[in-house]
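# Residue-level structural notes
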Amino acid sequence: MATPTRQPAPKPGILDIAAYVPGKSNAPAGVKLHKLSSNETSLGPSPHVHQAIAAAAQHLEIYPDGQATALKTAIADRFGLNRANIVCGNGSDELLTLLAQTYLHEGTEGIFTEHGFLLHKTAIQATGAKAVMAPELDAHVDVDAILDRVTERTRIVYVTNPGNPTGTYIPFDAIRRLHAGLPGNVILVLDAAYAEYVRRNDYEAGLELVATTSNVVMTRTFSKIHGLASLRVGWMYAPANIVDAVERIRSPFNLNTLAIAAAAAAMADSSHVEKSIEHNSAWLARLTTAFTQMGLKVSPSVTNFVLIHFPETGSKTAEKADAYLSARGFILRRVTAYGFPNAMRMTIGSQEANEGVIAALQEFMSQ
Ligand SMILES: *Cc1c(COP(=O)(O)O)cnc(C)c1O
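Bear in mind that the values here come from a model prediction, so they are computed numbers and not experimental data.

The rules behind these values
- Residues numbered from 1 in each chain as written.
- Predicted model: local features only at pLDDT ≥ 70, side-chain atom pairs only at ≥ 80, totals over all residues.
- Heavy atoms only, no water.
- Phe/Tyr/Trp six-rings, centres within 6.5 Å; stacked < 30°, edge-to-face > 60°.
- Helix = DSSP H or I, 4+ residues; strand = E, 2+ residues; numbered from the N terminus.
- Buried < 20%, exposed > 50% of the residue type's maximum accessible area, 1.4 Å probe, protein only.
- Lys NZ or Arg CZ within 6 Å of the ring centre and 35° of its normal.
- Salt bridge = Lys/Arg side-chain N within 4 Å of Asp/Glu carboxyl O.
- Pairing = 2+ DSSP bridges.
- Axes fitted to C-alpha atoms, helices over the stretch in contact; angles between N-to-C directions.
- Contact = heavy atoms within 4.5 Å.
- UniProt positions renumbered as here; feature names shortened; annotations may be inferred.
- Near = heavy atom within 4 Å.
- Polar contact = N/O pair within 3.5 Å; in protein donor to acceptor, adjacent residues only side chain to side chain.
- Areas by Shrake-Rupley, 256 points an atom, 1.4 Å probe, with all protein chains shown as cover.
- Nonpolar A, V, L, I, M, F, W, Y, C, P; charged D, E, K, R; others polar.

Here we come to the packing of aromatic side chains. Per the counting criterion, the structure on display carries 5 aromatic pairs. Geometrically, the ring pair formed by Y63 and F253 is tilted, given 4.6 Å between the ring centres and 35 degrees between the ring planes. Taken together, the residues span a long stretch of sequence, with Y63 in the loop between α1 (48-56) and α2 (69-79) and F253 in the loop between α8 (240-247) and α9 (257-268) at a distance of 190 residues. Residue classification places F253 among the partly exposed positions, given a relative accessible area of 43%. Summarising the aromatic geometry, the rings of Y194 and F305 are spaced 5.0 Å apart at their centres and angled 75 degrees between planes, so their arrangement reads as edge-to-face. Of this pair, Y194 sits in the loop between β6 (187-191) and α7 (207-211) while F305 sits in strand β10 (residues 305-309), and the two are 111 residues apart along the sequence. When its relative accessible area of 0% is taken as the criterion, F305 is described as buried. Sitting above the plane of the F364 ring, K316 keeps its charged end 5.4 Å from the centroid. Of note, R345 hangs over the ring of F305, and the distance from its end group to the ring centre comes to 5.6 Å.

Shown next as structure tokens:
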């Protein structure tokens, strides 16, 4: 019989990790819900996806293709890439975590940025390595702050570009300068979850840098513009040495058959992606203007969400705005855990949702 006072102890550091809190998705009874808290697309996935899933569902007794060949082919065709340099994941979350597991251990360090994706820090901490935070500059990734924190123990640097929850980006010149300043044994991970939405000539997701170096990885997702968040599909483009190492610990069937088929169909439907970009660009400009005119500061976004900053004290705080909007069915995201206690992140939604938030916030600000 086990002694009742003893229980399994997680390895050191695990209980220091803050559990992930997903975006809220509930509205008061009788109020229509507009979930604008998780950067999902209001346009849904490509209409071709449902047909692809129905076809793939014919043989659920068969294990998935562990190489996700159909999906890698669709991605490689779309971007002109070498299929051998693509690894698919159960969401890009899985890939970001696998990279940390492959290259970090106790005694090493990983760098994440002040307002970067929370999962980067978690992925580093879960390995027993030290997570080192690099401050940002006015909600933008700061290359010098990252380089200042590199030591001989650093093995990986995570950069979210464009950022979440900031929505801001840094030009590719800056990413090149960051890469040039890193020792060759440090992996630079470019988390480009929102790359499709960016309309800037000086932005690049990083494909070329991956292709011409041995220590840069770019990650992408099907959860955002492709509208497949529920199916969990992401991919990374990486040099052969990194693909080889990560493949050794990836679960052999990490993507299921329906997800592979759906994502391949989504990748092939570029007209649906174009439609989503158009909807987004138009509303990004309108929402930014509307909130700015109300006297609120909006971080300059190139993504499918905006970070709205509220006064620290008084009757117009983020907390009060959140209560006001939630009561009307508009669920935005509080971003205190990301270092913005006085801001809220709003995902760009349908016309109805966007107009509703503008009207409600207008009321809130002028009451
Ligand atoms: C949404 C998001 C992801 C995507 O995660 P998935 O696991 O692919 O759903 C990755 N990075 C950032 C910064 C994100 O916002």
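Let us keep going from here.
A few words now on the pattern of salt bridges. Charged atoms that come close allow side chains of opposite charge to pair. Evaluated as defined, the whole model comprises 11 salt bridges. Across the salt bridge formed by D244 and R248, the nearest N and O atoms sit 2.9 Å from each other. Taking the relative accessible area as the measure of exposure, D244 reaches 41% and is therefore partly exposed. Put simply, E247 and R250 hold a salt bridge, and the shortest N to O gap is 2.9 Å. For R250, a relative accessible area of 10% translates into the label buried. Each of E109, E152 and R153 takes part in one network of salt bridges that share partners.

Turning to the sheet that holds β6, a few remarks are in order. Note on sheets: strands pair through backbone hydrogen bonds, and any given pair is parallel or antiparallel. In space, the 7 strands of this open sheet follow the order β2-β8-β7-β6-β5-β3-β4, with mixed pairing throughout. On the outer flanks of this sheet lie β2 (86-89) and β4 (130-134), each paired with one strand and no other. Here the average twist between neighbouring strands, direction ignored, is 20 degrees. Here strand β3 (residues 109-113) runs beside strand β5 (residues 154-160); their pairing, made up of 3 bridges, is parallel. When the bridges of β5 are listed, G110 appears paired with I156. Here helix α4 (residues 118-125) sits on the sheet in contact with β3, β4, β5 and β6, set at roughly 170 degrees to β3.

For the rest of this paragraph, the subject is the UniProt feature "modified residue: N6-(pyridoxal phosphate)lysine" (unreviewed entry) in the protein chain. As annotated in UniProt, the feature "modified residue: N6-(pyridoxal phosphate)lysine" (unreviewed entry) corresponds to K224 in the numbering used here. Within the fold, K224 resides in the loop between β7 (216-221) and β8 (234-237). The exposure class assigned to K224 is buried, which follows from its relative accessible area of 14%. Among residues more than four places away in sequence, those in contact with K224 are S38, N39, T41, A193, Y194 and Y197.

The next point concerns the site of the ligand. Close to the ligand lie 13 residues; Y194, T221, S223, K224 and R232 are nearest. Between an oxygen atom of the ligand and a side-chain N or O atom of T221, the distance comes to 2.6 Å. Here an oxygen atom of the ligand and a side-chain polar atom of R232 are 2.6 Å apart. Isolated, the ligand exposes 390 Å² of accessible area, and the fraction of that covered by the protein chains is 94%. Split into classes, the residues belonging to the shell around the ligand amount to 3 nonpolar, 6 polar and 4 charged.

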